[in-house]
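Given next are the chains, with one letter for each unit.
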Amino acid sequence: MNIDLDTGKLVVFLGGLLFFLGVETLAPKRPWRESRFKRLLFHGGIAALNTVLIRLVIYVPLLLWVVFVEQQGWGISRWLGLTGWVELAASLVVLDLFDYFWHRANHRVTFLWRFHKAHHADTAMDVTTALRFHPGELMISALAKALWIAIWGPTAIAWFLFEAMVSLCAQFHHSNIDFPDHIEGGISALIVTPRFHASHHAVDRHYGDANFSTIFSLWDRLLRSYQRPESGDAITNTEYGLGLPEARDRAFSPGAWLVEPFQSNNLNVNNKKQTQPSEMS
Ligand SMILES: [Zn+2]
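Residues numbered from 1 in each chain as written. Predicted model: local features only at pLDDT ≥ 70, side-chain atom pairs only at ≥ 80, totals over all residues.

1. Side note on the overall build of the protein chain
A count of helices and strands for the protein chain gives 14 helices and zero strands. Listing the helices and strands of the protein chain from first to last along the sequence gives α-α-α-α-α-α-α-α-α-α-α-α-α-α. The long-range share in the protein chain, meaning contacts at least 24 apart out of those at least 6 apart in sequence, stands at 74%. (Helix = DSSP H or I, 4+ residues; strand = E, 2+ residues; numbered from the N terminus. Contact = placed C-beta atoms within 7 Å.)

See below:
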């Protein structure tokens, strides 16, 4: 069963990647200002590194943890006696809410921001950006996930469903695509869209301090971190409105990218206000 779910998750990941690469090619929102091959190569290399590391250090222990927690009957979901589709749906919603808080913490807590910054250093945004996560961030977030699992107690199937949905939704909302306003409004009322998430990657901190949701857009609206992006906005229309300006020169340097979170000058005081927002409530 677990092997089947595992294969399913891989199929969803590869299928989503190819699909959104295709859609971006046919109808890109923003002009391509840098080599797509370079982006795919760099971000694909990161994904390969992360896959190896995660398989060794995170994936198996986390899965064993899910099974252990399930056997022990731990978690709110177990206490409520949720089963079947109700449990799957409830787990998806609750785990996505945890993810919202975790993402917001990644922008607020200096130590976490060191690693999450590697994702936001991208100078553009397309489906390959969804692969761009520092292994340090993934390792730390695995600890947070272990805690959520113990608190909520999802079944192994619900956990796989959630992980697959996160992967697919991240590919979708990082893609360089857009929808006409009336369609965009409908989709983003329910889930995070590329326009919704482009605001989160914007240089303009008015936008960049907001829109932390991963799957359901509800959380930003509910927890007052929503900024409505406009279709004609410079932020969503130009590559130069995306990514952290101070990291642009080394955004595609593998060495700098990997080492930077561990350097003491990573959070340059002059840039701190710009790169680690803390004023928003
Ligand atoms: Zn972020």
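2. Quick notes on the nonpolar core
Formed by 14 residues in total, the largest nonpolar core has its most connected members in F20, V127, A130, C169, F172 and V192. The set of elements that each furnish at least two residues to this core consists of α1 (2–26), α2 (36–72) and α7 (156–174). Here this core takes four residues from α7, the largest share from any one element. If you look at the next biggest cluster of nonpolar residues, it comprises 11 residues, including V66, V69, A158 and L161. (Core = buried A, V, L, I, M, F, W, Y, C linked by C-beta atoms within 7 Å. Buried ≥ 20, exposed ≤ 12 C-beta atoms within 10 Å, placed from the backbone.)

3. Here's the deal with unusual backbone geometry
For N211, which is not a glycine, the phi torsion comes out positive at approximately 60 degrees. Given 26 C-beta atoms within a 10 Å radius, N211 is considered buried.

4. Some thoughts on α7
Every α-helix carries 3.6 residues per turn, so stepping three or four residues along brings you back to the same face. Taking 1.5 Å as the rise per residue, α7 with 19 residues should run 27 Å; its terminal C-alpha atoms sit 27 Å apart, in good agreement. Those residues of α7 that sit buried are A158, W159, F160, L161, F162, L168, C169, A170, Q171, F172, H173 and H174. (Expected span 1.5 Å × (residues − 1).)

5. Topic: the environment of A164
Secondary-structure assignment places A164 in helix α7. Sequence-wise, A164 and L5 are 159 residues apart; in three dimensions their C-alpha atoms are separated by 9.5 Å. If near-sequence neighbours (up to four positions away) are discounted, A164 is found in contact with G8, K9 and V12.

6. Observations concerning the packing of helix α4 (residues 84–108) against helix α5 (residues 110–120)
Two numbers describe how α4 lies on α5: the axes approach to 6 Å, and their chain directions differ by 100 degrees. As judged from the angle between their axes, α4 and α5 are roughly perpendicular. Note on element contacts: α5 touches α4 through L112, W113 and H116, opposite A105, N106 and H107. Class assignment for the residues of the contact of α4 with α5 results in three nonpolar, three polar and no charged. (Axes fitted to C-alpha atoms, helices over the stretch in contact; angles between N-to-C directions. Parallel < 35°, antiparallel > 145°, perpendicular 65-115°, else oblique. Nonpolar A, V, L, I, M, F, W, Y, C, P; charged D, E, K, R; others polar.)

7. Brief notes about the confidence of the model for the protein chain
Summing up the model confidence of the protein chain, the mean pLDDT is 85 and the portion of residues at 70 or higher is 87%. Counting contacts from residues 268–281, a segment whose pLDDT is below 50, to residues more than four positions away or on other chains yields 15 contacts. (pLDDT = per-residue confidence, 0-100.)

8. Quick word on the environment of L223
Within the secondary structure, L223 is located in the loop between α11 (218–222) and α12 (234–237). Along the sequence, L223 and Y100 sit 123 residues apart, while their C-alpha atoms lie 9.8 Å from each other.

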